Amino acid sequence: MPSCNINTGFEFIFSKLHCWWGKSASGERLRALTACVTEENFLRTLSGCGFELPQNADFEKSLMVRQISMLQDFIALADSAFSRFLRAMLISITEENLKVILHCRFFPERATPVAEMLIPIPGAEPLPADRLLQVPELEEFIALLCAEFPSPGLAGIIRQLAEDHNIMAAECAIDALDFQRQLDSAGALPLAVRRQARQMVGWEIDITNIIMLLRNLNMYHFPTESLTALWLAGGYQIRPEQLTALGQSRRVEDAIPGLPAPYSALLQMAYQGQELYLCEHALWNFLSGKGRALFRDFNNPQLSLLAFPYLLRFETINLARIYEGIRFGLPVKSIQSMMIGES
């Protein structure tokens, strides 16, 4: 993905980001979108808010393309350290295509046609998906795929997947590479924002691990050895060995009090109705709140650039949830309850 780095200065980027936020799908604008009863009404209202999405295209895929394109635009404006951080965030999005290819390669009986699942990356050549899926030799497949997704350690992940067919472990290993890339780039940011960047990445790692822990207790019930292999390193408050110990709990409600604050208090309140999705929603609301607080810190303009990819991602998720909620005929209040960062 070639880009031209302009390095326009943080004051300019700060202004541009806050101009975007002023037009984003948040606050009253988002509430108006959730109140649209039909797809046609929703798409018309969205267009009236200035969202330029292709006509007659897959809506959620178009949202992802928009998210990627906006990240690319700000990468081009930022200095080298922030560009590296934003690019690390971007890679974690584009590597969803890598997971699609692996699913289609190793589980062809489960896969939807690959072209329907891949996200087109603005400015990049389309993935040679058909060629990748038709290569008979594993090592040739690995070489071709690693050329498209250069990442140290990826070849070993694919060989392990070919051996054990454990796609969840493979996806967790890919996520671990992505998060390590984010942590490394966060550690290279200016001192004025380095601590906050590491916190944001670390909090997301914690949340991803907690969600895996709670889902395992609720439905997967993996043995300890299998579960241990799924933890992501680098969390802000929870170490893998702590998660493994909590994984021995018999029930979700037994594990929650053993989590560090603020997660334990947050989840004890959310799990009162014994619905796991409410816990996950509370965790993402927590991360969204942290991102918004950084974005609104007018004393440090660089924090807005750090928070931007998180706010943009949650905006994308919210719009996708509204669209799906309307398609399935959910009540307005139900759709509004699914919005991240709007409670």
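Report on the accompanying structure. Computed from a prediction, not measured in an experiment: that's the story for all the values here.

### As for empty space enclosed by the protein
Link 1 in the chain: A complete count under the given rule lists one cavity of 30 Å³ or more for this structure.
Link 2 in the chain: A volume near 70 Å³ is recorded for the largest cavity.
Link 3 in the chain: Every residue lining the largest cavity is listed: Trp21, Ala25, Ser26, Ser288, Arg292, Tyr310, Leu311, Phe314, Glu315, Asn318, Ile340 and Glu342.
Link 4 in the chain: Mapped by element, the contributors of at least two residues to the lining of the largest cavity are helix H17 (276-295) and helix H18 (302-327).
Link 5 in the chain: Among the elements that line the lining of the largest cavity, the one with the most residues is H18, at five residues.
Link 6 in the chain: Grouping the constituent residues of the lining of the largest cavity by class yields six nonpolar, three polar and three charged.

### Here's the deal with the packing of helix H5 (residues 80-94) against H18
Link 1 in the chain: Put simply, H5 and H18 touch, their axes get as near as 11 Å, and they point 10 degrees apart. The angle between the axes of H5 and H18 places the two elements in the roughly parallel class. Touching Phe82, Phe85, Leu86 and Met89 of H5 are Gln302, Leu305, Leu306, Pro309, Tyr310 and Arg313, all from H18.

### A few points about helix H6 (residues 96-106)
Link 1 in the chain: Among the eleven residues that make up H6, nine are buried, leaving the element largely enclosed by the rest of the structure.
Link 2 in the chain: Of all the residues in H6, the buried ones are Asn97, Leu98, Lys99, Val100, Ile101, Leu102, Cys104, Arg105 and Phe106.
Link 3 in the chain: Summarising the contacts, the buried residues of H6 are in contact with H5, helix H7 (114-117), helix H8 (129-134), helix H9 (138-148), helix H10 (154-164) and helix H11 (167-187).

### Concerning the layout of surface pockets
Link 1 in the chain: Taken as a whole, the largest pocket holds about 1,500 Å³ of empty space.
Link 2 in the chain: Surrounding the largest pocket, 41 residues form its lining, Ser92, Glu96, Lys99, Asp175 and Arg313 being those nearest its centre.
Link 3 in the chain: Contributions of two or more residues to the lining of the largest pocket are made by helix H4 (59-77), H5, H6, H7, H11, helix H12 (191-220), H17 and H18.
Link 4 in the chain: Across the lining of the largest pocket, the residue classes tally to 20 nonpolar, seven polar and 14 charged.

### Focus on H10
Link 1 in the chain: Taken as a whole, H10 has its buried residues at Leu154, Ala155, Ile157, Ile158 and Leu161. Angular distribution of buried residues about the axis of H10 spans 160 degrees; they occupy a single face of the element.
Link 2 in the chain: Backbone geometry just after H10 places histidine 165 at a positive phi near 55 degrees.

The rules behind each value
- Residues numbered from 1 in each chain as written.
- Predicted model: local features only at pLDDT ≥ 70, side-chain atom pairs only at ≥ 80, totals over all residues.
- Heavy atoms only, no water.
- 1 Å grid on protein atoms, 1.4 Å probe; cavity = no way out; pocket = protein on both sides within 12 Å on 5 of 7 lines; lining within 4 Å.
- Points joined across faces, edges and corners; volume = space filled by probe spheres on them.
- Helix = DSSP H or I, 4+ residues; strand = E, 2+ residues; numbered from the N terminus.
- Nonpolar A, V, L, I, M, F, W, Y, C, P; charged D, E, K, R; others polar.
- Axes fitted to C-alpha atoms, helices over the stretch in contact; angles between N-to-C directions.
- Parallel < 35°, antiparallel > 145°, perpendicular 65-115°, else oblique.
- Contact = heavy atoms within 4.5 Å.
- Buried < 20%, exposed > 50% of the residue type's maximum accessible area, 1.4 Å probe, protein only.
- Arc of directions from axis to C-beta.

No statement about biological role is implied by the geometric values presented.
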